[in-house]
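Residue strings, one per chain:
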Amino acid sequence: MTPFPYAIPRALGRCLLAGATLFAGSAAHADDIKIGLMSQFSGVYSWWGQEYQRGVDMYLAQNGNKVGNHTLTVLPRDEAGTSPQRTRQLAQELTVRDRAQYLIGGVFTPTVLGTVDIVNQTKTPYVVLNSGTSSVTDKSPYFVRLGFTQWAVSVPLVTWAVQQGAKKAAIVAADYAPGYDALEAFGSTFKKQGGEVAAEIKVPLGTTDFSTYLQRVRDAGVQYVFMFMPVGPMSAGFIKAFKDRGLDKAGVTLLATNESQESDLPVVGDAALGLVTALHYTPYLDNPVNKAFVAAYKQKFGADALPSIASVAAYDGMRLIAQMVKATDGKKDGDKAMAAAKTAKWDSPRGPISIDADTREVVQNIYMRKVEKVDGKLGNVAFSTFPAVKDPWHELNRK
């Protein structure tokens, strides 16, 4: 962040601060609504920043950067890793210095949680676009999530596997908070439905050699493997290593959730063919809103470009912020904005979605998908739907 170029005398600073407070509702006013976009814009997970930015740009271009008479200005900030301290600093600078009325983004659970005290103190709505840990929205009444939780995709995946005859499985998950959710969601659901979990294997973040972990899978003598890895090098690496070591030929079926992104499939290659996953979006969904969205995305970013879970989340997130801006007439009122968010529902490229007023989690379809060749390229094709899925973790903890 660039520091102020000169110091303001203390007495004058107090006067300016008082004036800013008095006129915040009118002088800083409703005409220019600032939105802080926090994501990974550098490093190995910079894909998230690119995709968030594309989703934001799509929405702004289609709406002329306007909500009524109000202009939307988005301020991108690079989280540059998983440090909660850094994201806390970014959130503070955005909300206090830059006067952002809304935050949007977030990639990893630790970075989202790093903003909690700032979001609560300033009553700033934060539209969380990723972070798969179900408990995240419990940490602040100003969090609303438009991505997905690991529970919401894991339970349908396991249910489908049991329907196919799965009886004995291993679970392989990255060793961080969403991975723990995956272990619990996969394991408890499978056991409740009569399955046996023969092995639970945690893989450290940043792992590139999966041979030891896959040998443990082979030794467990299982039919199925439920996996969770963060999108990017670990996801692609594990899928490729699974095929390279011949586990599929040994009769083991790999099942996943968000790990077969279209952006990663070329890295995996034909080893991904036939992989079944459960997720809330694929660019090949056959609905009118998605077809129009994909066409507009290709027109803006190139004929070979395809939207992803990240760009769709950002696009929908901007739509939700627009609804909050309308409800508050552009004024900063976090409580009124969140009340409007809790009633939101619309037809998204991913299908019909709404916000659960009790949990501030998105309610959405979860699709069973299979990797196939589509127009000569690898892609996820939906073949079955679990409609209007609420986050199961919250459902269980309400009882």
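An account of the accompanying structure is given in this report. (Residues numbered from 1 in each chain as written. Predicted model: local features only at pLDDT ≥ 70, side-chain atom pairs only at ≥ 80, totals over all residues. Heavy atoms only, no water.)

Here we look at the overall build of the protein chain
Along the backbone of the protein chain there are 14 helices and 15 strands. Its C-alpha atoms put the protein chain at 75 × 45 × 40 Å along the principal axes. The proportion of buried residues among the 399 residues of the protein chain is 55%. Within the protein chain, counting contacts between residues at least 6 apart in sequence, those at least 24 apart form 69% of the total. Carbon and sulfur atoms form 53% of the exposed surface of the protein chain, whose accessible area is close to 16600 Å². Computed over 43 positive and 37 negative side-chain charges, the inter-centroid distance for the protein chain is 3 Å. (Helix = DSSP H or I, 4+ residues; strand = E, 2+ residues; numbered from the N terminus. Buried < 20%, exposed > 50% of the residue type's maximum accessible area, 1.4 Å probe, protein only. Contact = heavy atoms within 4.5 Å. Areas by Shrake-Rupley, 256 points an atom, 1.4 Å probe, with all protein chains shown as cover. Lys, Arg positive; Asp, Glu negative; His and termini not counted. Charge placed at Lys NZ, Arg CZ, Asp CG, Glu CD.)

Regarding the pattern of salt bridges
Under the definition given, this model contains 13 salt bridges. Put simply, arginine 88 and aspartate 117 hold a salt bridge, and the shortest N to O gap is 2.9 Å. One end of the pair, arginine 88, is in helix α3 (residues 84-97); the other, aspartate 117, is in helix α5 (residues 116-122), and 29 residues separate them in sequence. For aspartate 304, the salt bridge identified is with lysine 377, shortest N-O distance 3.2 Å. (Salt bridge = Lys/Arg side-chain N within 4 Å of Asp/Glu carboxyl O.)

Regarding the environment of serine 42
Among the secondary structure elements, serine 42 is positioned in the loop between β1 (32-39) and α2 (46-63). Spatially, the C-alpha atom of serine 42 lies 5.9 Å from that of alanine 80, the residues being 38 residues apart in sequence. Other than its neighbours up to four places away in sequence, serine 42 contacts Asp78 and Ala80. A polar contact of 2.6 Å, which involves the side chain of serine 42, links it to the side chain of aspartate 78. (Polar contact = N/O pair within 3.5 Å; in protein donor to acceptor, adjacent residues only side chain to side chain.)

Re the packing of aromatic side chains
Inspection of the entire model under this criterion finds 13 aromatic pairs. Geometrically, the ring pair formed by phenylalanine 186 and phenylalanine 226 is stacked, given 5.2 Å between the ring centres and 20° between the ring planes. Residue phenylalanine 186 is found in helix α7 (residues 177-192), and its partner phenylalanine 226 is found in strand β9 (residues 224-228); the two are separated by 40 residues along the sequence. Taken individually, phenylalanine 186 and phenylalanine 226 each receive the classification buried, so the pair is uniform in this respect. When the centroid spacing of 6.2 Å and the interplanar angle of 45° are considered together, the rings of phenylalanine 293 and tyrosine 297 count as tilted. You can see phenylalanine 293 and its partner tyrosine 297 sitting in helix α11 (residues 288-301), 4 residues apart, about one turn around the helix. On the basis of relative accessibility, which here comes to 3%, the residue phenylalanine 293 falls in the buried class. Each member of the aromatic cluster is reached from another via a ring pair, and the members are Tyr59, Phe293, Tyr297, Phe301 and Tyr315. (Phe/Tyr/Trp six-rings, centres within 6.5 Å; stacked < 30°, edge-to-face > 60°.)

A word on helix α9 (residues 233-244)
Here α9 spans 16 Å end to end across 12 residues, near enough to the 16 Å set by a 1.5 Å rise per residue. When α9 is considered as a whole, its buried residues turn out to be Met234, Ser235, Ala236, Phe238, Ile239, Ala241 and Phe242. Those residues of α9 that are buried are in contact with β7 (168-174), β8 (196-203), α8 (211-220), β9, β10 (253-256) and α10 (265-268). Count one or two residues on from α9 and you reach glycine 246, which has phi positive near 75°. (Expected span 1.5 Å × (residues − 1).)

Observations concerning the sheet that holds strand β2 (residues 66-67)
Pairing within the open sheet is mixed, and its 6 strands lie in the order β2-β3-β1-β4-β5-β6. Edge positions in the sheet fall to β2 and β6 (143-145), since each has one partner strand and no second. Two elements, β1 and strand β4 (residues 102-105), share 4 bridges in a ladder whose sense is parallel. Across the sheet, leucine 37 pairs through a bridge with isoleucine 104, a residue of β4. (Pairing = 2+ DSSP bridges.)

Observations concerning the environment of leucine 205
With respect to the secondary-structure elements, leucine 205 resides in the loop between β8 and α8. A C-alpha to C-alpha distance of 17 Å links leucine 205 and proline 84, two positions 121 residues apart in sequence. In this view, leucine 205 contacts Ala174, Tyr176, Pro230 and Met234; residues no more than four positions away in its chain are not counted.

So yeah, pure geometry; function would need other evidence.
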